[in-house]
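Structural features, examined
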Amino acid sequence: MDSEVGPLRTVLLHRPGNELKRLTPRNNDQLLFDGVPWVGRAQEEHDAFAATLTAKGVEVLLLADVLVQALEDNRARIAGIHSAVNERRLGIDLADALRSHLTSLDAPTLAQVLMTGMTFEELPAAEGASLVRKMHLPIDFAVDPLPNLLFTRDSSVWVGDRVAITSLALPARDRETTLTDLIYAYHPRFRRTGRAYGAHSAPLEGGDVLLLAPGVIAIGVGERTTPAGAESFARSALADGLAHTVLAVPIAQERATMHLDTVCTMVDRDAVVMYPAISDALTAYPLRSDGDGGVRVDGPVPFLEAAAEAMGIERLRVIDTGLDVVTAEREQWDDGNNTLAVAPGLVVAYERNVETNARLEDAGVEVLRIAGSELGSGRGGPRCMSCPIDRAPLV
(Lines give C-alpha, C1' and ligand atoms only; values in the text may rest on other atoms or scores of the structure.)
Protein backbone atom coordinates (compact mmCIF):
# COMPACT_ATOMS: atom_id res chain seq x y z
CA MET A 1 0.00 0.00 0.00
CA ASP A 2 1.61 3.24 -1.12
CA SER A 3 -1.02 5.99 -0.77
CA GLU A 4 -4.05 7.26 1.11
CA VAL A 5 -6.30 7.29 -1.96
CA GLY A 6 -5.53 4.23 -4.07
CA PRO A 7 -8.67 2.09 -4.57
CA LEU A 8 -9.36 0.47 -1.21
CA ARG A 9 -9.39 -3.33 -1.31
CA THR A 10 -9.32 -4.50 2.32
CA VAL A 11 -9.91 -2.66 5.59
CA LEU A 12 -9.92 -3.60 9.28
CA LEU A 13 -12.80 -2.18 11.36
CA HIS A 14 -14.00 -2.80 14.89
CA ARG A 15 -17.74 -2.92 15.45
CA PRO A 16 -18.55 -1.20 18.77
CA GLY A 17 -19.15 -3.80 21.46
CA ASN A 18 -19.73 -4.22 25.17
CA GLU A 19 -16.53 -2.32 25.93
CA LEU A 20 -18.47 0.88 25.19
CA LYS A 21 -21.05 -0.14 27.80
CA ARG A 22 -18.28 0.17 30.39
CA LEU A 23 -18.16 3.94 29.85
CA THR A 24 -19.78 6.07 32.54
CA PRO A 25 -19.62 9.78 33.45
CA ARG A 26 -17.20 8.65 36.17
CA ASN A 27 -14.62 7.13 33.79
CA ASN A 28 -15.22 8.39 30.26
CA ASP A 29 -12.53 11.08 30.49
CA GLN A 30 -9.95 8.56 31.68
CA LEU A 31 -10.98 6.25 28.84
CA LEU A 32 -10.62 9.12 26.31
CA PHE A 33 -14.28 9.62 25.37
CA ASP A 34 -15.99 13.01 25.47
CA GLY A 35 -19.34 11.47 26.37
CA VAL A 36 -21.19 8.24 27.07
CA PRO A 37 -22.37 6.89 23.72
CA TRP A 38 -25.69 5.20 23.02
CA VAL A 39 -24.15 1.85 22.16
CA GLY A 40 -27.03 0.43 20.16
CA ARG A 41 -27.13 3.47 17.93
CA ALA A 42 -23.33 3.48 17.60
CA GLN A 43 -23.54 -0.12 16.36
CA GLU A 44 -26.21 0.82 13.82
CA GLU A 45 -24.06 3.70 12.58
CA HIS A 46 -21.02 1.45 12.33
CA ASP A 47 -22.96 -1.26 10.49
CA ALA A 48 -24.01 1.39 7.96
CA PHE A 49 -20.36 2.49 7.62
CA ALA A 50 -19.25 -1.08 6.93
CA ALA A 51 -22.12 -1.57 4.47
CA THR A 52 -21.11 1.60 2.62
CA LEU A 53 -17.61 0.21 2.14
CA THR A 54 -18.84 -3.26 1.17
CA ALA A 55 -21.13 -1.73 -1.45
CA LYS A 56 -18.03 -0.20 -3.07
CA GLY A 57 -16.33 -3.59 -3.28
CA VAL A 58 -14.17 -3.24 -0.17
CA GLU A 59 -13.45 -6.37 1.87
CA VAL A 60 -14.29 -5.53 5.50
CA LEU A 61 -12.52 -7.49 8.23
CA LEU A 62 -13.86 -7.10 11.77
CA LEU A 63 -11.27 -7.01 14.54
CA ALA A 64 -13.31 -9.19 16.90
CA ASP A 65 -13.56 -11.95 14.27
CA VAL A 66 -9.87 -12.00 13.38
CA LEU A 67 -8.94 -11.82 17.08
CA VAL A 68 -10.98 -14.95 17.82
CA GLN A 69 -9.31 -16.75 14.92
CA ALA A 70 -5.86 -15.70 16.10
CA LEU A 71 -6.61 -16.89 19.65
CA GLU A 72 -7.02 -20.43 18.36
CA ASP A 73 -3.20 -20.44 18.43
CA ASN A 74 -2.03 -21.11 21.98
CA ARG A 75 0.86 -18.65 21.62
CA ALA A 76 -1.65 -15.89 20.93
CA ARG A 77 -3.69 -16.91 23.99
CA ILE A 78 -0.59 -16.70 26.19
CA ALA A 79 0.29 -13.25 24.84
CA GLY A 80 -3.27 -11.95 25.26
CA ILE A 81 -3.61 -13.26 28.82
CA HIS A 82 -0.19 -11.92 29.78
CA SER A 83 -1.17 -8.44 28.62
CA ALA A 84 -4.51 -8.53 30.47
CA VAL A 85 -3.26 -9.61 33.90
CA ASN A 86 -1.56 -6.79 35.78
CA GLU A 87 0.27 -8.52 38.62
CA ARG A 88 1.44 -5.24 40.15
CA ARG A 89 -2.16 -4.14 40.60
CA LEU A 90 -3.76 -7.48 41.45
CA GLY A 91 -1.01 -9.08 43.52
CA ILE A 92 0.53 -12.48 42.86
CA ASP A 93 -2.29 -14.66 44.25
CA LEU A 94 -5.18 -12.93 42.51
CA ALA A 95 -3.16 -12.61 39.29
CA ASP A 96 -2.48 -16.35 39.31
CA ALA A 97 -6.17 -17.09 39.86
CA LEU A 98 -7.17 -14.77 37.00
CA ARG A 99 -4.60 -16.31 34.64
CA SER A 100 -5.91 -19.77 35.46
CA HIS A 101 -9.47 -18.64 34.78
CA LEU A 102 -8.62 -16.96 31.47
CA THR A 103 -6.67 -20.02 30.35
CA SER A 104 -9.83 -22.11 30.74
CA LEU A 105 -11.91 -19.92 28.40
CA ASP A 106 -12.58 -20.73 24.76
CA ALA A 107 -11.34 -18.31 22.10
CA PRO A 108 -14.59 -16.30 21.65
CA THR A 109 -15.05 -15.81 25.40
CA LEU A 110 -11.40 -14.91 25.94
CA ALA A 111 -11.58 -12.40 23.09
CA GLN A 112 -14.56 -10.74 24.76
CA VAL A 113 -12.69 -10.40 28.07
CA LEU A 114 -9.60 -9.00 26.34
CA MET A 115 -11.73 -6.34 24.61
CA THR A 116 -14.45 -5.68 27.18
CA GLY A 117 -12.43 -6.07 30.36
CA MET A 118 -13.54 -7.56 33.66
CA THR A 119 -14.69 -6.00 36.92
CA PHE A 120 -13.83 -7.35 40.35
CA GLU A 121 -17.37 -8.68 40.79
CA GLU A 122 -16.96 -10.60 37.52
CA LEU A 123 -13.78 -12.33 38.65
CA PRO A 124 -14.07 -16.08 39.32
CA ALA A 125 -15.15 -17.09 42.80
CA ALA A 126 -12.57 -16.33 45.47
CA GLU A 127 -10.36 -19.03 46.89
CA GLY A 128 -9.41 -17.77 50.31
CA ALA A 129 -9.17 -14.20 51.56
CA SER A 130 -7.98 -11.37 49.31
CA LEU A 131 -7.21 -7.86 50.49
CA VAL A 132 -7.15 -6.74 46.85
CA ARG A 133 -10.75 -7.87 46.36
CA LYS A 134 -11.93 -6.36 49.61
CA MET A 135 -10.37 -2.95 48.98
CA HIS A 136 -11.75 -2.54 45.46
CA LEU A 137 -15.32 -1.69 44.60
CA PRO A 138 -17.18 -4.45 42.75
CA ILE A 139 -17.40 -2.19 39.68
CA ASP A 140 -13.67 -1.39 39.62
CA PHE A 141 -11.80 -2.92 36.71
CA ALA A 142 -9.54 -5.89 37.31
CA VAL A 143 -8.96 -5.95 33.53
CA ASP A 144 -9.45 -2.59 31.84
CA PRO A 145 -11.86 -2.33 28.89
CA LEU A 146 -10.64 -1.08 25.52
CA PRO A 147 -13.33 1.27 24.14
CA ASN A 148 -10.81 2.91 21.79
CA LEU A 149 -10.48 -0.31 19.78
CA LEU A 150 -13.11 1.42 17.65
CA PHE A 151 -10.26 3.47 16.17
CA THR A 152 -8.35 0.74 14.38
CA ARG A 153 -6.24 3.32 12.52
CA ASP A 154 -3.99 3.99 15.50
CA SER A 155 -2.53 0.63 16.52
CA SER A 156 -1.13 -0.44 13.15
CA VAL A 157 -0.07 1.15 9.87
CA TRP A 158 0.49 -0.59 6.55
CA VAL A 159 3.25 0.76 4.32
CA GLY A 160 3.90 -1.14 1.12
CA ASP A 161 3.41 -4.82 1.95
CA ARG A 162 4.53 -4.42 5.56
CA VAL A 163 2.71 -3.61 8.78
CA ALA A 164 4.02 -1.40 11.56
CA ILE A 165 2.71 -2.05 15.06
CA THR A 166 2.67 1.36 16.70
CA SER A 167 3.30 2.55 20.25
CA LEU A 168 0.22 4.24 21.72
CA ALA A 169 0.89 7.15 24.02
CA LEU A 170 -1.78 6.99 26.74
CA PRO A 171 -2.27 4.29 29.42
CA ALA A 172 -5.92 3.73 28.45
CA ARG A 173 -4.72 2.32 25.13
CA ASP A 174 -1.70 0.29 26.25
CA ARG A 175 -3.17 -3.14 25.52
CA GLU A 176 -4.57 -2.30 22.08
CA THR A 177 -1.25 -2.81 20.37
CA THR A 178 -0.84 -6.19 22.07
CA LEU A 179 -4.10 -7.41 20.52
CA THR A 180 -3.16 -5.97 17.14
CA ASP A 181 0.30 -7.50 17.36
CA LEU A 182 -1.00 -10.98 18.14
CA ILE A 183 -3.53 -10.77 15.29
CA TYR A 184 -0.76 -10.04 12.78
CA ALA A 185 1.54 -12.63 14.36
CA TYR A 186 -0.86 -15.55 14.67
CA HIS A 187 -3.84 -15.13 12.35
CA PRO A 188 -3.27 -17.47 9.37
CA ARG A 189 -3.85 -14.66 6.88
CA PHE A 190 -1.07 -12.44 8.26
CA ARG A 191 1.59 -14.85 9.51
CA ARG A 192 3.93 -14.16 6.61
CA THR A 193 3.44 -10.39 6.70
CA GLY A 194 6.67 -8.46 7.01
CA ARG A 195 7.09 -5.93 9.80
CA ALA A 196 8.14 -2.31 9.58
CA TYR A 197 9.23 0.01 12.40
CA GLY A 198 10.77 -2.23 15.00
CA ALA A 199 11.17 0.37 17.77
CA HIS A 200 8.19 0.57 20.12
CA SER A 201 9.77 2.61 22.90
CA ALA A 202 8.77 6.05 21.56
CA PRO A 203 5.09 6.95 21.04
CA LEU A 204 3.78 6.88 17.48
CA GLU A 205 0.10 6.53 16.53
CA GLY A 206 -1.40 5.64 13.17
CA GLY A 207 -3.65 8.68 13.08
CA ASP A 208 -0.50 10.76 12.67
CA VAL A 209 0.78 8.79 9.65
CA LEU A 210 -0.37 9.88 6.18
CA LEU A 211 0.88 8.20 2.99
CA LEU A 212 0.78 11.28 0.79
CA ALA A 213 2.04 9.53 -2.35
CA PRO A 214 4.24 6.58 -3.26
CA GLY A 215 7.45 7.11 -1.31
CA VAL A 216 6.19 10.13 0.64
CA ILE A 217 4.99 9.89 4.24
CA ALA A 218 3.84 12.67 6.57
CA ILE A 219 3.93 12.13 10.34
CA GLY A 220 2.20 14.47 12.77
CA VAL A 221 4.12 15.27 15.95
CA GLY A 222 1.93 16.48 18.79
CA GLU A 223 -0.19 15.10 21.60
CA ARG A 224 0.16 11.42 20.66
CA THR A 225 3.31 11.08 18.53
CA THR A 226 6.62 12.36 19.87
CA PRO A 227 9.63 13.59 17.86
CA ALA A 228 11.44 10.39 18.87
CA GLY A 229 8.56 8.24 17.63
CA ALA A 230 8.40 10.08 14.32
CA GLU A 231 12.16 9.81 13.86
CA SER A 232 12.20 6.09 14.67
CA PHE A 233 9.46 5.42 12.14
CA ALA A 234 11.14 7.62 9.53
CA ARG A 235 14.51 5.93 9.93
CA SER A 236 12.89 2.52 9.57
CA ALA A 237 10.85 3.50 6.49
CA LEU A 238 13.85 5.13 4.79
CA ALA A 239 16.19 2.23 5.59
CA ASP A 240 13.69 -0.33 4.29
CA GLY A 241 13.07 1.60 1.06
CA LEU A 242 9.44 2.20 1.95
CA ALA A 243 9.85 5.96 1.52
CA HIS A 244 12.28 8.45 0.01
CA THR A 245 10.92 11.40 2.02
CA VAL A 246 9.28 11.59 5.44
CA LEU A 247 7.79 14.90 6.57
CA ALA A 248 7.63 15.40 10.34
CA VAL A 249 4.78 17.88 10.88
CA PRO A 250 4.39 19.65 14.26
CA ILE A 251 0.76 20.04 15.36
CA ALA A 252 -0.76 21.59 18.49
CA GLN A 253 -0.79 19.33 21.54
CA GLU A 254 -4.54 19.66 22.10
CA ARG A 255 -7.53 17.34 22.25
CA ALA A 256 -9.06 18.90 19.12
CA THR A 257 -5.89 18.21 17.14
CA MET A 258 -4.73 14.96 18.69
CA HIS A 259 -3.57 13.52 15.35
CA LEU A 260 -2.51 14.91 11.98
CA ASP A 261 -5.61 13.32 10.43
CA THR A 262 -7.85 15.50 12.61
CA VAL A 263 -6.68 18.55 10.64
CA CYS A 264 -5.71 17.11 7.26
CA THR A 265 -6.56 14.05 5.13
CA MET A 266 -6.03 13.14 1.49
CA VAL A 267 -9.17 13.14 -0.66
CA ASP A 268 -7.58 12.82 -4.11
CA ARG A 269 -4.14 12.11 -5.51
CA ASP A 270 -3.36 15.85 -5.43
CA ALA A 271 -5.84 17.20 -2.89
CA VAL A 272 -6.34 17.42 0.87
CA VAL A 273 -9.18 18.62 3.05
CA MET A 274 -7.63 20.81 5.74
CA TYR A 275 -8.59 22.92 8.71
CA PRO A 276 -8.03 26.46 7.36
CA ALA A 277 -6.85 27.89 10.69
CA ILE A 278 -3.59 25.96 10.36
CA SER A 279 -3.09 25.53 6.62
CA ASP A 280 -0.70 28.47 6.20
CA ALA A 281 1.09 27.95 9.51
CA LEU A 282 1.69 24.18 9.21
CA THR A 283 5.38 23.40 8.77
CA ALA A 284 7.41 20.27 8.13
CA TYR A 285 10.87 18.86 8.75
CA PRO A 286 11.82 16.75 5.70
CA LEU A 287 13.83 13.62 6.53
CA ARG A 288 15.74 11.82 3.77
CA SER A 289 18.57 9.30 3.60
CA ASP A 290 21.98 10.89 3.60
CA GLY A 291 23.48 8.19 1.40
CA ASP A 292 25.71 6.79 4.16
CA GLY A 293 23.09 4.86 6.13
CA GLY A 294 22.02 7.89 8.14
CA VAL A 295 19.27 10.47 7.88
CA ARG A 296 19.40 14.14 6.88
CA VAL A 297 16.91 16.44 8.61
CA ASP A 298 16.01 19.74 6.92
CA GLY A 299 13.57 22.53 7.65
CA PRO A 300 11.32 23.68 9.02
CA VAL A 301 9.65 24.62 5.74
CA PRO A 302 5.98 25.24 4.85
CA PHE A 303 4.18 21.88 4.86
CA LEU A 304 2.17 22.38 1.68
CA GLU A 305 5.27 23.37 -0.29
CA ALA A 306 7.34 20.50 1.11
CA ALA A 307 4.56 17.99 0.41
CA ALA A 308 4.11 19.12 -3.20
CA GLU A 309 7.85 19.02 -3.85
CA ALA A 310 8.22 15.53 -2.40
CA MET A 311 5.15 14.30 -4.30
CA GLY A 312 6.50 15.70 -7.56
CA ILE A 313 3.51 17.92 -8.25
CA GLU A 314 3.23 21.67 -8.77
CA ARG A 315 0.95 22.20 -5.79
CA LEU A 316 -1.29 20.36 -3.38
CA ARG A 317 -4.91 21.43 -3.73
CA VAL A 318 -6.42 22.47 -0.40
CA ILE A 319 -10.14 22.19 0.36
CA ASP A 320 -11.05 24.10 3.51
CA THR A 321 -13.20 22.81 6.34
CA GLY A 322 -16.35 24.97 6.50
CA LEU A 323 -17.09 28.35 4.99
CA ASP A 324 -16.22 30.70 7.86
CA VAL A 325 -14.15 30.68 11.04
CA VAL A 326 -16.92 29.43 13.34
CA THR A 327 -18.18 26.76 10.95
CA ALA A 328 -14.64 25.58 10.28
CA GLU A 329 -13.94 25.24 14.00
CA ARG A 330 -17.19 23.35 14.61
CA GLU A 331 -16.71 20.97 11.71
CA GLN A 332 -13.06 20.36 12.52
CA TRP A 333 -14.14 19.35 16.05
CA ASP A 334 -16.74 17.05 14.48
CA ASP A 335 -14.10 15.34 12.31
CA GLY A 336 -14.86 17.19 9.10
CA ASN A 337 -11.21 16.70 8.08
CA ASN A 338 -11.20 13.03 9.02
CA THR A 339 -12.30 11.46 5.74
CA LEU A 340 -11.57 7.96 4.47
CA ALA A 341 -10.69 7.77 0.78
CA VAL A 342 -12.22 4.74 -0.96
CA ALA A 343 -10.63 5.75 -4.27
CA PRO A 344 -9.19 8.95 -5.75
CA GLY A 345 -11.89 11.59 -5.45
CA LEU A 346 -14.26 9.31 -3.48
CA VAL A 347 -14.43 9.63 0.31
CA VAL A 348 -16.52 8.61 3.30
CA ALA A 349 -17.41 11.46 5.69
CA TYR A 350 -19.80 12.20 8.53
CA GLU A 351 -23.06 13.63 7.23
CA ARG A 352 -23.16 16.25 10.00
CA ASN A 353 -20.33 18.25 8.43
CA VAL A 354 -22.63 19.83 5.88
CA GLU A 355 -20.44 22.73 4.77
CA THR A 356 -17.24 20.74 4.47
CA ASN A 357 -18.98 18.03 2.46
CA ALA A 358 -20.42 20.68 0.15
CA ARG A 359 -16.96 22.16 -0.40
CA LEU A 360 -15.58 18.72 -1.18
CA GLU A 361 -18.27 18.17 -3.79
CA ASP A 362 -17.70 21.62 -5.26
CA ALA A 363 -14.06 20.57 -5.72
CA GLY A 364 -15.08 17.42 -7.60
CA VAL A 365 -14.82 14.95 -4.72
CA GLU A 366 -17.72 12.49 -4.31
CA VAL A 367 -18.81 12.16 -0.67
CA LEU A 368 -20.39 9.03 0.79
CA ARG A 369 -22.18 10.37 3.87
CA ILE A 370 -22.61 8.29 7.03
CA ALA A 371 -24.23 9.05 10.38
CA GLY A 372 -21.85 9.55 13.30
CA SER A 373 -23.70 11.17 16.17
CA GLU A 374 -22.70 8.37 18.55
CA LEU A 375 -19.55 7.12 16.85
CA GLY A 376 -18.04 10.61 17.12
CA SER A 377 -18.15 10.70 20.92
CA GLY A 378 -14.60 9.34 21.02
CA ARG A 379 -13.38 12.16 18.71
CA GLY A 380 -12.78 10.14 15.57
CA GLY A 381 -14.19 10.03 12.06
CA PRO A 382 -14.21 7.49 9.21
CA ARG A 383 -10.43 7.55 8.82
CA CYS A 384 -9.85 7.00 12.54
CA MET A 385 -12.25 4.04 12.50
CA SER A 386 -10.50 2.22 9.66
CA CYS A 387 -7.13 0.57 9.13
CA PRO A 388 -6.59 0.04 5.39
CA ILE A 389 -4.73 -3.22 4.84
CA ASP A 390 -4.61 -3.23 1.05
CA ARG A 391 -5.07 -0.58 -1.64
CA ALA A 392 -4.54 -0.84 -5.37
CA PRO A 393 -1.49 1.13 -6.54
CA LEU A 394 -2.03 4.60 -7.94
CA VAL A 395 -1.61 4.64 -11.71
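Residue indices begin from 1 for each chain and proceed along its sequence in written order. Only residues with pLDDT of 70 or above have their local features reported here, since the model is predicted, and side-chain atom pairs are shown and tallied only from 80 upward, although totals for entire chains, interfaces and linings are computed over all residues. Values reported for side chains reflect all heavy atoms of the structure, with hydrogen atoms and water molecules removed beforehand.

Moving on, we come to the layout of surface pockets. Using only the protein atoms, space was sampled on a 1 Å grid; points where a 1.4 Å probe fits but cannot get out form cavities, open sets with protein on both sides within 12 Å along at least five of seven lines form pockets, and lining residues are those with an atom within 4 Å of a point. Grid points are joined across faces, edges and corners, and a volume is the space filled by probe spheres set on the points. The computed volume of the largest pocket comes to approximately 520 Å³. Lining the largest pocket are 23 residues, and of these Arg89, Phe141, Val143, Asp144 and Pro171 lie nearest its centre. The way it works is that DSSP assigns letters per residue, a run of H or I at least four long becomes a helix, a run of E at least two long becomes a strand, and they are numbered from the N terminus. Elements with a minimum of two residues in the lining of the largest pocket: helix 3 (74–84) and strand 4 (141–143). When residue character is reported, Ala, Val, Leu, Ile, Met, Phe, Trp, Tyr, Cys and Pro are called nonpolar, Asp, Glu, Lys and Arg charged, and the others, Gly included, polar. For the lining of the largest pocket, the residue count by class is 11 nonpolar, 6 polar and 6 charged.

Here the focus is the environment of Arg77. Note that Arg77 resides in helix 3. Burial classification: accessible surface area is computed with a 1.4 Å probe over protein chains only, and a residue below 20% of its type maximum counts as buried, one above 50% as exposed, and the rest as partly exposed. By relative accessible area, Arg77 is classed as buried at 12%. For the pair formed by Arg77 and Asp268, sequence separation is 191 residues and the distance between their alpha carbons is 41 Å. What makes two residues a contact is simply this: any of their non-hydrogen atoms within 4.5 Å. Excluding residues within four positions of it along the chain, Arg77 makes contact with Leu71, Leu102, Thr103, Leu105, Asp106, Ala107 and Leu110.

Turning our eyes to something else, we now look at the pairing of strand 12 (residues 271–274). Neither face of strand 12 is exposed, since Ala271 and Val273 on one face and Val272 and Met274 on the opposite face are all buried. In this analysis, strands are considered paired if DSSP registers two or more bridges between them. Here strand 11 (residues 264–268) runs beside strand 12; their pairing, made up of 4 bridges, is antiparallel. Along strand 12, the bridge assignment pairs Thr265 with Val273. Counting the residues that bridge the hairpin from strand 11 to strand 12 gives 2 residues. Relative to strand 16 (residues 317–320), strand 12 runs parallel, the two sharing 4 bridges. Along strand 16, the bridge assignment pairs Ala271 with Arg317.

For the rest of this paragraph, the subject is the sheet that holds strand 1 (residues 8–13). Reading across the sheet, the 3 strands line up as 2-1-20 and stay open at both edges, with mixed pairing between neighbours. Each edge of the sheet is formed by a strand with only one pairing partner; in this case those strands are strand 2 (59–62) and strand 20 (387–391). Taking the axes of each pair of neighbouring strands and ignoring which way they run, one obtains an average angle of 20° across the sheet. As paired elements, strand 1 and strand 2 share 4 bridges and run parallel to each other. Considered in strand 2, the bridge of Leu13 is made with Leu62. Each axis is a line fitted through C-alpha atoms, and for a helix only the stretch in contact is used; angles between axes span 0 to 180 degrees, taken between their N-to-C directions.

Looking now at the packing of helix 3 against helix 6 (residues 107–116). Between helix 3 and helix 6, whose axes approach to 10 Å, the crossing angle comes to 30°. By the angle class used here, helix 3 and helix 6 are roughly parallel. Once helix 3 is placed against helix 6, the crossing between them reads as left-handed. Packed against helix 3, whose contacting residues are Arg77, Gly80, Ile81 and Ala84, the element helix 6 presents Ala107, Leu110 and Leu114 at the interface. In this scheme, roughly parallel covers angles under 35 degrees and roughly antiparallel covers those over 145, while 65 to 115 is roughly perpendicular and the rest are oblique. Each crossing is labelled by how the near helix is turned from the far one, with a counterclockwise turn of less than a right angle marking it left-handed and a clockwise turn marking it right-handed.

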